[in-house]
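Remarks on the overall topology
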Amino acid sequence: MFISQQSVPSRMYLRISYLVLVLLLAACASAPTPPTKPDQPIVNQAEDIAIEARVSQNLNELLSQVSQTQEIPLQSLESGFLDAKTIPSIRKLVLPPSGTFKKNWLAYRKRFIEPVRLKAGKAFWEENQAFLSQVEQDSGVPVEIIVAIIGIETIYGRQTGNFRVKDVLSTLAFSYPETPNKVAREQLFKDQLKELILLCWTEAGGKLPAKNSMQDVNSPRFNACLNQNSSYAGAIGLPQFMPSSIRSFAMDGDGDGRIDLKQSPKDAIASVGNFMKNHGWQPGMPISFPVQIDGITAAKELADGQPQLKHTVQELIDKGILTKQQGDLQSGGVESSSKAFIVDLPYPDKDGSDQVQYFVGLNNFLTIVQYNRSYFYAQSVAEFAEALGYKNQSVVPVENTGKAGGSKSVSEKSKQKKSSAKKKSKTN
C-alpha cells in the first residue's frame, strides 16, 4: 500500500522527497565522467539512495499502522524515527555462509568454552550467588545453565553490540538481502520492529492502547529506548533478548520498578530463568546423552536436523543408540517413555574429511534451542554448564526413590552448591 502525499507527515515527506530528488539528479546527470579503472571499486550511490527512500516509505507505513492499531499519536512515533537510517554492513552479516563453508562444531565449541569466558562465569556466579540460587529455586533452571547462557551470549555484558536497535530492525525489515527466505525474514523483523515500538512506549510510561494521548509519556526516555545498542540482529542486553522476548519474558529482578537488561545482572538472571521455564525446562532432568559407539550408524539414519521430540528413549535403547541405564530415571537417566531426537554436530578432521559427533537431545536440549535455534549453541551451553559443575543427569527427589542414599532433591542440591561456593570463596 502506498501512502498519498496528503497522508504523509510533513517531516517524513520532506525526507523522502529529498532522497527522490537526489536520485533523479543522479540519474539525469549528463556531464561526461572519466573511465573507471578496472580494479577501482564502483559504489552505486543511486541504488543506495533508492534503498534509503524505499525503507523510509515502508517505515512510515509501519509507523502509521502502529499508530492506528495502538492509538499512539503518529507525531510521537515519527519523531522517534526521524533520524533512522539503514546499515548496509548488517545486510552482509545476516547472509548465510557460502556454499564452500563447512560447519565446524569443534571450532565453535573452542570459541565459547575457553578459559577467559569460564573464569568470567565463575566470577559472575560468585558476585550474584544468592540471587542465582533464588532464581533456580523459583524457575527450576540450574544456576550453571543461566550462567552459561549469559556467558556465551555476551561474556556477562562485555559484548552486547554497538548498532542502534531501531536502525538494525528497520534495515532488516525493509531491505533484507536477497536470500531464499527473504520474505519470511523481513516479516520477522517487521514484527520485532513493532514490538520494539510498543516496548519503548510502555518503558517511557505510555499506556496501550494510548487513546491518542501523550499523558505520562517521557519522550526522551522513549527515544533513548529506540536508540539503545543491540547486536546486528536486534538482540538487546546481557542475555541478548529480542524485543518480543523482552515484552513476554523479561523480569524486574532487582525490584527497582523497571527492567534493564543492559545494566542489571539481576534483571538478566531472572529473565533467562523465566524464559527457560516458560519454554518447557524440566527441573532435575538431563539435557542430552552421548550416542553409544555401536549406535552411531543408527543415529546417523535418524538425524534429520529437525529439533522435534519424535523418538522414545526406549526406541533408541532398542537401536543401541542409548544404554538401558539412560532410560532409567533412578540411574540418572530419564523415563524410557520420554521423547528425544538426534543431534548431529559436523566438523572437518585434520585432513578435511567430514566427521560428525552425535548426541541424543532430550526435552531440556530442545528448550535451549528455543533460546537460539542452533544445535551448536545448545550443546555449547550444556558443556559450558558442565565445566561450571553441572551434572548432566536426573535429580530424583529422595522421597520418590524408596532407597536409602538415593539421589538428592533439587532443593538439597541447591543448598550443597551454596556451601561449596562459600568454601571456594574462602580458599581463594
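Structure first, text after, so check above.
Residues numbered from 1 in each chain as written. Predicted model: local features only at pLDDT ≥ 70, side-chain atom pairs only at ≥ 80, totals over all residues. Heavy atoms only, no water.

**Some details on the overall build of the chain**
For the record, the criterion: Each helix corresponds to a stretch of at least 4 residues labelled H or I by DSSP, and each strand to a stretch of at least 2 residues labelled E; elements are numbered beginning at the N terminus. Partly exposed residues are those whose accessible area sits between 20% and 50% of the maximum for their type, while under 20% is buried and over 50% is exposed, using a 1.4 Å probe and protein chains only. Residue contacts follow a heavy-atom distance rule, with two residues in contact if any of their heavy atoms lie within 4.5 Å. For the accessible areas, the method is Shrake-Rupley and the probe is 1.4 Å, while residue cover comes only from the protein chains on display.
When its secondary structure is counted, the chain shows 19 helices and six strands. By the burial criterion, 46% of the 428 residues in the chain qualify as buried. Long-range contacts, defined here as pairs at least 24 residues apart, represent 70% of the contacts in the chain between residues at least 6 apart. Per element, the accessible surface of the chain, about 22400 Å² overall, is 51% carbon and sulfur.

**Description of the packing of aromatic side chains**
The geometry of two aromatic rings is summed up by the distance between their centres and the angle between their planes. Put simply, the test is: Any Phe, Tyr or Trp ring, taking Trp's six-membered ring, that has another such ring centre within 6.5 Å forms a pair; planes under 30 degrees apart are called stacked, those over 60 apart edge-to-face, and the others tilted. Cation placement over rings: the criterion is NZ of Lys or CZ of Arg within 6 Å of the ring centroid and within 35° of the ring normal.
Taken as a whole and judged by the stated rule, the model has 14 aromatic pairs. A ring pair is formed by Phe-341 and Phe-365, whose centres lie 5.9 Å apart and whose planes are at 70°; its orientation type is edge-to-face. Of the two residues, Phe-341 sits in strand S5 (residues 339-348) while Phe-365 sits in helix H16 (residues 363-371), which places them 24 residues apart along the sequence. By relative accessible area, Phe-341 is classed as buried at 1%. Among the aromatic residues, those joined into a ring-pair cluster are Phe-241, Phe-249, Phe-275, Tyr-371 and Tyr-377. A cation over a ring is seen here: Lys-166 above Phe-81, with NZ or CZ 5.9 Å from the ring centre.

**Topic: empty space enclosed by the protein**
As a reminder of what qualifies: A cavity here means a set of points on a 1 Å grid, drawn over the protein atoms and nothing else, where a 1.4 Å probe fits but cannot get out; a pocket is an open set with protein on both sides within 12 Å along at least five of seven lines, and a residue lines either one if it has an atom within 4 Å of a point. Grid points are joined across faces, edges and corners, and a volume is the space filled by probe spheres set on the points. When residue character is reported, Ala, Val, Leu, Ile, Met, Phe, Trp, Tyr, Cys and Pro are called nonpolar, Asp, Glu, Lys and Arg charged, and the others, Gly included, polar.
Tallied over the entire structure, the rule returns three cavities of 30 Å³ or more. Leu-199, Glu-203, Gln-228, Ile-236, Ile-246, Ile-259, Asp-260, Leu-261 and Lys-262 are the residues that line the second largest cavity. Partitioned by chemical class, the residues of the lining of the second largest cavity number five nonpolar, one polar and three charged.

**A look at unusual backbone geometry**
A cis amide bond links Leu-208 with the next residue in sequence, Pro-209, at an omega value of -5°. Mapped onto the secondary structure, Pro-209 falls in the loop between helix H10 (182-203) and helix H11 (219-227). Residues other than glycine seldom take positive phi values, yet Glu-71 does so here, at roughly 55°. Among the structural elements, Glu-71 can be located in the loop between helix H2 (45-70) and helix H3 (74-80). On the accessibility criterion, Glu-71 (29% relative accessible area) is partly exposed. Of note in this structure, Lys-211 is not a glycine but carries a positive phi near 55°. Note that Lys-211 resides in the loop between H10 and H11.

**A word on the sheet that holds S5**
To keep it simple, the criterion reads: For two strands to be treated as a pair, DSSP must find no fewer than two bridges joining them. Note on geometry: axes are lines fitted to C-alpha atoms, helical ones only across the stretch in contact, with angles between N-to-C directions running from 0 to 180 degrees.
Within the open sheet, the four strands sit side by side as S3-S6-S5-S4. Their pairing is antiparallel. The sheet is open, and its two edges are formed by strand S3 (288-290) and strand S4 (311-312), each paired on a single side. Relative to strand S6 (residues 354-361), S3 runs antiparallel, the two sharing three bridges. Across the sheet, Phe-289 pairs through a bridge with Val-360, a residue of S6. Seen against the sheet, H16 touches S3, S5 and S6 and runs at an angle of roughly 60° to S5.

**Let's talk about the pairing of S6**
Note that S5 and S6 share eight bridges and pair antiparallel. By the bridge assignment for S6, Leu-345 is matched with Gln-357. Hairpin connection of S5 to S6: five residues between the antiparallel strands, including Gly-352 at a positive phi of 85°.

**Looking at the pairing of S5**
Pairing analysis gives two bridges linking S4 to S5, with the strands arranged antiparallel. In the strand pairing of S5, Thr-312 is matched with Lys-339.

**Observations regarding the packing of helix H7 (residues 129-139) against helix H8 (residues 143-154)**
This is how the line gets drawn: Put simply, angles under 35 degrees are roughly parallel, angles over 145 are roughly antiparallel, angles from 65 to 115 are roughly perpendicular, and the rest are oblique.
Running from N to C, H7 and H8 point in directions that differ by 115°, and their axes come no closer than 9 Å. Between H7 and H8, the interaxial angle falls into the category roughly perpendicular. Touching Leu-132, Ser-133, Val-135 and Glu-136 of H7 are Val-143, Ile-146 and Val-147, all from H8.

**Thoughts on the nonpolar core**
Soluble globular proteins tend to bury their nonpolar side chains together. In plain terms, the rule: Throughout this description, the term nonpolar core refers to a set of buried Ala, Val, Leu, Ile, Met, Phe, Trp, Tyr and Cys residues connected via side-chain atoms within 4.5 Å.
Counting residues in hydrophobic clusters, the biggest one holds 94 residues, and the most contacted among them are Ile-145, Ile-150 and Met-276. Discounting chain neighbours no more than four positions away, the residues touching Met-276 are Val-141, Ile-145, Ile-149, Trp-281, Thr-367, Ile-368 and Tyr-371. If you look at the next biggest cluster of nonpolar residues, it comprises 17 residues, including Ala-298, Ala-299, Val-313 and Leu-316.

**With respect to the environment of Leu-193**
Note on placement: Leu-193 falls in helix H10. For the pair Leu-193 and Met-242, spaced 49 residues apart in sequence, the C-alpha to C-alpha distance is 9.8 Å. Contact partners of Leu-193, with chain neighbours within four places excluded, come to Leu-59, Leu-62, Phe-81, Leu-169, Ser-170 and Phe-174.

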